[in-house]
Amino acid sequence: MSETGDYIIEFFDRYGRQLKDFKTSASGLNMATATGEILLSEHAVIKSFKITRIIYNSLDKGGGYD
């Protein structure tokens, strides 16, 4: 589970399938973008990535992202 304000980085193969082994997080957008670009250049299987920001909804009882 990630903290509010964190950025989740998910990676995908050339067919658009998510690569669950490469999911990670970062504390800022610039760091998340840099992390995504580094892993993209280091691993041939990774062809794209998506960054999602975690925002706490005060109306939610649980909050966060699993």
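Refer to the structure above for everything that follows.
Each chain has its residues counted from 1, following the order in which its sequence is written. Only residues with pLDDT of at least 70 get local features here, since the model is predicted, and only at 80 or more are side-chain atom pairs given and counted; chain-wide, interface and lining totals rely on the full set of residues. Computation of side-chain values covers all heavy atoms of the structure but excludes hydrogens and water.

### Looking at the overall build of the chain
Broken down by element type, the chain carries one helix and three strands. Beginning at the N terminus, the succession of helices and strands in the chain can be written as β-β-α-β. Residues count as neighbours in contact if any of their non-hydrogen atoms are within 4.5 Å of one another. Contacts spanning at least 24 positions in sequence make up 53% of the contacts within the chain whose residues lie at least 6 apart. Throughout, the Shrake-Rupley method with a 1.4 Å probe supplies accessible areas, and for residues the shown protein chains are the sole cover considered. Looking at the chain as shown, the accessible area adds up to about 4700 Å², and 50% of this sits on carbon and sulfur atoms. Helix and strand definitions follow DSSP, with helices as H or I runs of at least four residues and strands as E runs of at least two, each counted in order from the N terminus.

### Structural notes on the sheet that holds strand β3 (residues 48–53)
Only when DSSP finds a minimum of two bridges between them are two strands counted as paired. Strand order in this open sheet of three strands is β2-β1-β3, and the pairing throughout is antiparallel. Taken across any chain shown, the strands that pair with only one partner, and hence form the sheet edges, are β2 (24–26) and β3. The mean inter-strand angle of the sheet, taken between neighbouring strand axes irrespective of direction, is 30°. One ladder, built from six bridges, connects strand β1 (residues 7–12) with β3; its direction is antiparallel. When the bridges of β3 are listed, tyrosine 7 appears paired with arginine 53. Only C-alpha atoms enter the line fits that serve as axes; for helices the fit covers just the stretch in contact. Angles between N-to-C directions range over 0 to 180 degrees.

### Comments concerning helix α1 (residues 29–42)
How far a helix is expected to stretch is found by multiplying one less than its residue total by 1.5 Å. Counted at 1.5 Å a residue, the expected span for α1 with its 14 residues is 20 Å, and the 20 Å between its end C-alpha atoms agrees. Here's how the labels work: a residue is buried when its accessible area is under 20% of the maximum for its type, exposed when over 50%, partly exposed in between, all with a 1.4 Å probe on protein chains only. Among all positions of α1, only Ala32, Gly36 and Leu39 are buried. For α1, the arc enclosing every buried residue in end-on projection is 70°, short of the 170-degree limit, so these residues lie on one face. Turned more than 90 degrees away from the buried face of α1, the exposed residues are Asn30, Ser41 and Glu42. Of the surrounding elements, those touching the buried residues of α1 are β1, β2 and β3. The directions considered for the arc run from the helix axis to the C-beta atoms.

### Describing the pairing of β1
The buried fraction of β1 amounts to six of the six residues, a majority that puts the element mostly inside the structure. Alternating positions in β1 separate into two faces, Tyr7, Ile9 and Phe11 on one and Ile8, Glu10 and Phe12 on the other, with burial throughout. The pairing of β1 with β2 spans three bridges and is antiparallel. Residue isoleucine 9 lies in a different strand from β2, and its bridge partner there is threonine 24.

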